[in-house]
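Structural overview for review
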Amino acid sequence: MTAKEANPSQPGGKSRTEDTAALLRELVAHLRQNRTQLREEWARRITQAKLLTAMTEEEVFAEATSVYDNYVEALETGTFEALQAYSRNLSERIIPRGVETHEVVGIVLLLRDTMARSLFGKYHEDFEKLNRILDAYEPAANRIANTVAVGFVQERERIIRQQQEAIRELSTPVLQVRERLLILPIIGVIDPQRARQLTEQLLRAIRANRAKVVVIDITGVAAMDSNVANHLVQTVEAARLLGATVIVTGLSPEIAQTLVTIGVDLSEMATVGDLQGGIEEAERLLGYKVVPLAEGQPA
Amino acid sequence: MEVPILKQGDYLIASIQSALTDADLSQLREALVERVGRFRSRGVIVDVTALDVMDSFAVRTLRDIAHMARLRGAETVIVGIQPEVAFAMVQLGLTLKGIATALDLEEGLNFLNRRGKERVDRA
Amino acid sequence: MPDNNSSVPIRSDVDIVSARQKGRELAAECGFEIGDQTVIAAAISEIARNILMYAKRGEIRFRGLADGDRQGMVVVAEDQGPGIRDVSLALQDGFSTSGGLGLGLPGAKRLMDEFEVVSEVGRGTTITMKKWIRRGHA
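So, here is what we can say about the structure in this document. (Residues numbered from 1 in each chain as written. Chains lettered and ligands numbered in written order. Predicted model: local features only at pLDDT ≥ 70, side-chain atom pairs only at ≥ 80, totals over all residues. Heavy atoms only, no water.)

Observations concerning the pattern of salt bridges
- For the coordinates displayed, the defined rule picks out 32 salt bridges over all chains.
- With a shortest N-O distance of 2.9 Å, B:E107 and A:R180 are connected by a salt bridge. A residue pair is termed interchain when its members come from two chains, as with B:E107 in helix α4 (residues 105–122) and A:R180 in the loop between β1 (175–178) and β2 (181–188). Summarising the burial analysis for this pair, B:E107 and A:R180 share the class buried.
- For A:K212, the salt bridge goes to B:E107, with nearest N and O atoms at 3.5 Å. In this pair, A:K212 is assigned in the loop between α8 (192–209) and β3 (213–221) and B:E107 in helix α4, connecting two distinct chains.
- Take A:K212: its relative accessible area is 23%, and that puts it in the partly exposed class. (Salt bridge = Lys/Arg side-chain N within 4 Å of Asp/Glu carboxyl O. Helix = DSSP H or I, 4+ residues; strand = E, 2+ residues; numbered from the N terminus. Buried < 20%, exposed > 50% of the residue type's maximum accessible area, 1.4 Å probe, protein only.)

A look at the environment of A:A136
All names here are of chain A.
- Along the chain, A136 turns up in helix α7 (residues 127–171).
- Accessibility expressed as a relative area gives 7% for A136, which makes it buried.
- Note: C-alpha distance between A136 and L23 (113 residues apart in sequence) is 6.8 Å.
- Beyond its immediate stretch of four places on either side in the chain, A136 contacts T20, L23 and L24. (Contact = heavy atoms within 4.5 Å.)

As for the interface of chain B and chain C
- At the junction of the two partners, chain B supplies 19 residues and chain C supplies 24 residues.
- Taking both sides of the interface into account, the surface hidden between chain B and chain C amounts to around 1,800 Å²; carbon and sulfur atoms contribute 59%.
- Linking chain B with chain C are four salt bridges, by the criterion used here.
- For C:R49, the salt bridge identified is with B:D22, shortest N-O distance 2.5 Å.
- If you look at where chain B meets chain C, you find nine residue pairs in polar contact (both at pLDDT 80 or more).
- Taken together, the elements giving at least two residues each to the side of chain B that touches chain C come down to α1 (22–39), α2 (56–71) and α3 (83–92) of chain B.
- Counting residues per element, the side of chain B that touches chain C draws most heavily on α3(B), at five residues.
- Residue composition of the side of chain B that touches chain C, grouped by class: nine nonpolar, four polar and six charged. (Buried area = accessible area lost by both parts, 1.4 Å probe. Polar contact = N/O pair within 3.5 Å; in protein donor to acceptor, adjacent residues only side chain to side chain. Nonpolar A, V, L, I, M, F, W, Y, C, P; charged D, E, K, R; others polar.)

Describing the sheet that holds strand β4 (residues 75–79) of chain B
Residue and element names in this part refer to chain B.
- Pairing within the open sheet is mixed, and its five strands lie in the order β1-β2-β3-β4-β5. A strand with exactly one partner marks an edge of an open sheet, and here the two such strands are β1 (5–8) and β5 (100–102). Averaged over all adjacent pairs, the angle separating strand axes in this sheet is 25°, with direction ignored.
- In this structure, β4 lies alongside β5, joined through three bridges in parallel fashion. For V77, the partnering residue across the bridge sits in β5 and is A100.
- Helix-sheet contacts for α1 involve β1, β2 (11–15) and β3 (43–47), and the interaxial angle to β2 is about 165°. (Pairing = 2+ DSSP bridges. Axes fitted to C-alpha atoms, helices over the stretch in contact; angles between N-to-C directions.)

Some points on the sheet that holds β1(A)
All names here are of chain A.
- Pairing within the open sheet is mixed, and its five strands lie in the order β1-β2-β3-β4-β5. With one partner strand each, in any of the chains shown, β1 and β5 (270–272) form the two edges of the open sheet. Strand-to-strand, the axes of this sheet are offset by a mean angle of 30°, without reference to chain direction.
- In the sheet, β3 pairs with strand β4 (residues 245–249) via five bridges, with the strands oriented parallel. In the strand pairing of β4, V214 is matched with V246.
- Across the face of the sheet, α8 comes into contact with β1, β2 and β3 while running at roughly 165° to β2.

Encoded structure:
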């Protein structure tokens, strides 16, 4: 803010905002008048710039129409709630189609430019007025671009969080292979949050299935540091507090080496080389006897 | 609040009904140890299903009960620890090393019966 | 977020039970899941017993927290007891001057996300501990 603007005794102060409002009204009228032409121009430039390639031309045109109208409305009213809601809704529809952040930012900036060029065309003879029109237009246009881009990014983050959650759930299945025996195959990277989730899920499953024995297979675990190892020890202990015995299988030589080196106490933990051996041991604990078919009853 | 202790054959069953103060826990310990001697019990079940949290004092008391009962010839099983209680316990660093645990009363009884049978088999 | 601001005086073992019950209720109101409600209740239980053992009397206060887009709960335990001579020693696993398991303070510290002890010998001790609601369930 300049000293001149800050001075209330300056007669320009109040009339200046009125002036801006009048300019915006004029601007909006112009954009409404030329809606068809500008919208087509914009859609053409979107295609040229190879944006929104995941969508058909008709779809791009339909969305362009809605964005255009919402844009002009935001310019006119100076409120952004409707635009915000619209951009969230738009994001929800186009994110599953694979539309990227730079594309959304790109199309909004293109619309800003398309409109600005049209203003140049209209006012190029009255340079002073063009300047004032642009002064009124720019802040509003920037805020609109910002609103749409932020809306998109927020929506995207929300979807990503949801997906991460879903993947986590999927990637830690607790399987009941037979009565009272659960298998928990852990695959991938374990971070503290996932370790916690695994434990909570396992403990609930022990109770729900009245499990007596749990085989935790860590063949698919890439690496283990002391944090993860301690979580594993905690999981085994917590399962035991519920009355279930845990057998850990698939400890690779590298992981075994690491655990010994960092001094994790595994003495309380039953370990068996591989999953197959672990299940056999579990069945033994449960009192099942595995008999080869040849020795069983003749079929 | 006093914890009711049921005598069922060779076993004593203490089922905790609500949150316990430290004094309640100490009283439970004394009552159980006294009764193990009086009834010459072979097994003790402490049902903690109703406890929504177990801190170091509660765990130490359960451990004392198990150790004292063992010295008097009875095996102790702690039953009914809730999943989230178990998880909080291990995060706190509390375990019940060397003390039997079971999912619920039924499992606890099964455990003691198996133990009893093993003892008879050995004899 | 509830701006519930409760305090529980600690003078006997009955108060330990009410402190952790009130704490659990507030944790539930703040939106903590049952697992973390239990963790908070256990931590309150440990520091409340700590007051009773060393200072004989004191107070536990708790309230909901909001910090930007994080939400959580803060628990403050305050006493005018003998104070802790060596705070870092008292926070070591297995340290106990009362013949206990030595899990009180270090245990509570492990359960919470933030844990701060301010103590002055002869003046008293204030423990401030915080837990934040874990993200990723949005």
